[in-house]
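Fold and contact review
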Amino acid sequence: NTLNKTAEVYLTIPENKTGKGKILISVNGAFHELEAMTESDRIPSGSSVKVIKVENNILIVETI
C-alpha cells in the first residue's frame, strides 16, 4: 500500500542505508509514521520523498 506513494520526511534519513529516518505517509486515508532508508544522499526533515521499494518492512525512498 505504500509503494510509489509520496511522503514527507519527519526525521532526517542518513545517506546510503547507513541508518533509518522516519517519514509521514498517508495510507488508506490515515497518516502513519514509518521507518525509512535511502540508497542515495542524506534527506533532511521536511523533504518530499517517494517510496521506491520495501525491504524487510523498511521503506526505501528517494527525493522527488
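As a starting point, this report considers the structure included with it. Just so we're clear, the structure is a prediction, and the values are computed from it rather than from any experiment. (Residues numbered from 1 in each chain as written. Predicted model: local features only at pLDDT ≥ 70, side-chain atom pairs only at ≥ 80, totals over all residues. Heavy atoms only, no water.)

**Quick notes on the pattern of salt bridges**
Applying the stated criterion across every chain yields a total of 6 salt bridges. The partner of Lys17 in a salt bridge is Glu55, with the nearest N and O atoms 2.7 Å apart. Here Glu55 lies in strand S4 (residues 48-55) and Lys17 lies in the loop between strand S1 (6-11) and strand S2 (21-27), a separation of 38 residues in the sequence. Residue Lys17 is classed as partly exposed on the basis of its relative accessible area of 31%. Salt-bridge contacts for Lys53 lead to Glu39; the nearest nitrogen and oxygen are separated by 3.0 Å. (Salt bridge = Lys/Arg side-chain N within 4 Å of Asp/Glu carboxyl O. Helix = DSSP H or I, 4+ residues; strand = E, 2+ residues; numbered from the N terminus. Buried < 20%, exposed > 50% of the residue type's maximum accessible area, 1.4 Å probe, protein only.)

**Overview of the pairing of S1**
Examined bridge by bridge, S1 and S4 share 3 bridges and lie antiparallel to one another. Within S4, the residue paired with Thr6 across the bridge is Lys50. Note that S1 and S2 share 4 bridges and pair antiparallel. When the sheet's bridge partners are listed, Leu11 is paired in S2 with Lys22. (Pairing = 2+ DSSP bridges.)

**Considering the side chain of Ser47**
When you line up the elements, Ser47 lands in the loop between strand S3 (30-38) and S4. Overall, Ser47 belongs to the buried group, its relative accessible area being 16%. A polar contact of 2.9 Å, which involves the side chain of Ser47, links it to the backbone oxygen of Pro44. Beyond its immediate sequence surroundings of up to four residues, Ser47 is in contact with Ala7, Glu8 and Val9. (Polar contact = N/O pair within 3.5 Å; in protein donor to acceptor, adjacent residues only side chain to side chain. Contact = heavy atoms within 4.5 Å.)

**Quick notes on the side chain of Thr2**
The residue Thr2 is located in the segment before S1 in this model. Not counting residues up to four positions away in its chain, the partners in contact with Thr2 are Ile25, Val27, Leu34, Val51, Val54 and Leu59.

**Thoughts on unusual backbone geometry**
Outside of glycine, negative phi angles account for most residues, and trans bonds account for most peptide bonds. At Asn4, a position not held by glycine, the phi torsion is positive, near 70 degrees. Residue placement: Asn4 occurs in the segment before S1. Even without being a glycine, Asn57 presents a positive backbone phi close to 65 degrees. Note on placement: Asn57 falls in the loop between S4 and strand S5 (58-63).

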